[in-house]
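What follows is the residue order along each chain.
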Amino acid sequence: MIVTVGGIKGGSGKTTVATNLAVILSQQGQDVLLIDADDQETSSDFTNLRNEKLEAGAGYTSIKLTGPAVRTETLRLKQKYQDIIIDTGGRDTTSQRAALSVSDVLLVPFVPRSFDVWTLEKVSGLVGEMSTANPSLRAYTFINRADPRGSDNDDAADVLKDTVALSFIPTPIGGRKAFGNAAAEGLGVTELKPQDPKATEEIMALFRYVFNTK
Ligand SMILES: Nc1ncnc2c1ncn2[C@@H]1O[C@H](COP(=O)(O)OP(=O)(O)OP(=O)(O)O)[C@@H](O)[C@H]1O
Ligand SMILES: [Mg+2]
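Residues numbered from 1 in each chain as written. Chains lettered and ligands numbered in written order. Predicted model: local features only at pLDDT ≥ 70, side-chain atom pairs only at ≥ 80, totals over all residues. Heavy atoms only, no water.

A. Just the overall build of the protein chain, in detail. On a plain count of helices and strands, the protein chain comes out with nine helices and seven strands. Computed over the C-alpha atoms, the radius of gyration of the protein chain is 16 Å, within 12% of the 17 Å expected from 2.2 N^0.38 for a compact globule of 214 residues. Taking the principal axes of its C-alpha atoms as reference, the protein chain extends roughly 45 × 40 × 35 Å. Sequence separation of at least 24 residues holds for 77% of the intrachain contacts in the protein chain that already meet a minimum separation of 6. Each charge class in the protein chain was averaged separately, 23 positive and 27 negative side chains, and the resulting centres sit 2 Å apart. (Helix = DSSP H or I, 4+ residues; strand = E, 2+ residues; numbered from the N terminus. Rg over C-alpha atoms; globule rule 2.2 N^0.38 Å. Contact = heavy atoms within 4.5 Å. Lys, Arg positive; Asp, Glu negative; His and termini not counted. Charge placed at Lys NZ, Arg CZ, Asp CG, Glu CD.)

Right, dumping it as structure tokens:
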């Protein structure tokens, strides 16, 4: 499966989700390719740190691609890997469009803040256009960095549920320090010791939803 984590918003958690999914897949013995299609190269930095910190290495292959090469190289490499995760930048770039033209799934994290939700219309437009080029693309949205309390989560969920171009994944990921702590060590949150059971369960719920494993 080829999964792009994208959207048109910086800092929504794309790299966090992309790297955690790559780690979980590799923990499960899958042969995974993580493509960094963001010129900021955050997921490549994460993988470099992981290769330094872990004796066994990152556990997956990581490459950087930009522009139309995201499409051509992914098409060339997809026979060689069981799963490909593509991390994109938070803008409507040639790289993100190239990724969407070859992906099975687009995952768009949203932080429950009205400003972020406003970008939904633009994401919907992008998904609409890319679905013409790639009719098999399935686009999903979910809440990341959910608040511990208050009505913002529900308000955001209501808007996301009403967005026709994207299906809503009803398993939010909370705002949890464990994600940042794990990343700082080159780890997925599922590898962190001591574990944050809630963070682990939340990312695993998203994983199961996307990869359809119960
Ligand atoms: N669920 C979460 N709980 C707590 N912190 C989070 C969560 N998700 C992401 N973060 C933190 O938010 C910051 C931005 O996350 P991340 O880098 O994954 O976003 P991004 O969408 O990839 O950003 P960019 O658009 O710059 O590529 C990071 O410091 C990350 O650790
Ligand atoms: Mg990023």
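Moving on from the model shown.
B. Inspection of the nonpolar core at higher detail. Ranked by internal contacts, the top residues of the largest apolar core, which has 34 residues, are V17, Y60, I85, L107, L206 and V210. Of all elements in the fold, only β1 (2–5), α1 (14–27), β2 (32–37), β5 (105–110), β6 (138–143), α8 (177–184) and α9 (197–211) reach the threshold of two or more residues within this core. For L107, the contacting residues outside a window of four places in its chain are V3, T4, V5, G6, V17, L21, Y140, F142, I169 and V210. The next biggest cluster of nonpolar side chains, apart from the first, holds 20 residues, and it includes L126, L137, A139 and A146. (Core = buried A, V, L, I, M, F, W, Y, C linked by side-chain atoms within 4.5 Å. Buried < 20%, exposed > 50% of the residue type's maximum accessible area, 1.4 Å probe, protein only.)

C. Structural detail: the pairing of β6. Among the six residues of β6, five are classified as buried, and the element is accordingly described as predominantly covered. Looking at chain direction, β5 and β6 are connected through six bridges and run parallel. Following the sheet pairing, V108 is matched in β6 by T141. The pairing of β6 with strand β7 (residues 167–168) spans two bridges and is parallel. Across the sheet, Y140 pairs through a bridge with S167, a residue of β7. The handedness of the β6 to β7 crossover, carried by helix α7 (residues 152–161), is right-handed. (Pairing = 2+ DSSP bridges. Right-handed = clockwise from strand over helix to strand, strands pointing away.)

D. Main features of unusual backbone geometry. Here the bond from K193 into P194 is cis, since omega is -5°, no more than 30 degrees from zero. Summarising the element assignment, P194 is placed in the loop between α8 and α9. Its identity is not glycine, yet R145 carries a phi of approximately 55°, on the positive side. Here R145 shows up in the loop between β6 and α7.

E. Inspection of the site of ligand 1 at higher detail. Around ligand 1, the surrounding shell holds 17 residues, and the nearest of these are K14, T15, T16, R145 and R176. One nitrogen or oxygen atom from the main chain of S12 is found 3.0 Å from an oxygen atom belonging to ligand 1. Contact with the protein chains hides 78% of the accessible area of ligand 1, taken as 640 Å² for the molecule alone. Of all the elements in the fold, those that place two or more residues in the shell around ligand 1 are α1 and α8. When the residues that make up the shell around ligand 1 are grouped by side-chain class, the tally is two nonpolar, 11 polar and four charged. (Near = heavy atom within 4 Å. Polar contact = N/O pair within 3.5 Å; in protein donor to acceptor, adjacent residues only side chain to side chain. Areas by Shrake-Rupley, 256 points an atom, 1.4 Å probe, with all protein chains shown as cover. Nonpolar A, V, L, I, M, F, W, Y, C, P; charged D, E, K, R; others polar.)

F. A look at the packing of α1 against helix α2 (residues 42–53). In the contact formed by α1 and α2, the axes pass within 10 Å of each other and the chain directions differ by 40°. Overall, the two elements α1 and α2 adopt an arrangement that is oblique. Our pair here, α1 against α2, has a crossing hand that is right-handed. Here α1 contributes T15, T19 and V23 to the contact with α2, which in turn contributes T42, S43, F46 and R50. (Axes fitted to C-alpha atoms, helices over the stretch in contact; angles between N-to-C directions. Parallel < 35°, antiparallel > 145°, perpendicular 65-115°, else oblique. Left-handed = near helix turned anticlockwise from the far one by under 90°.)

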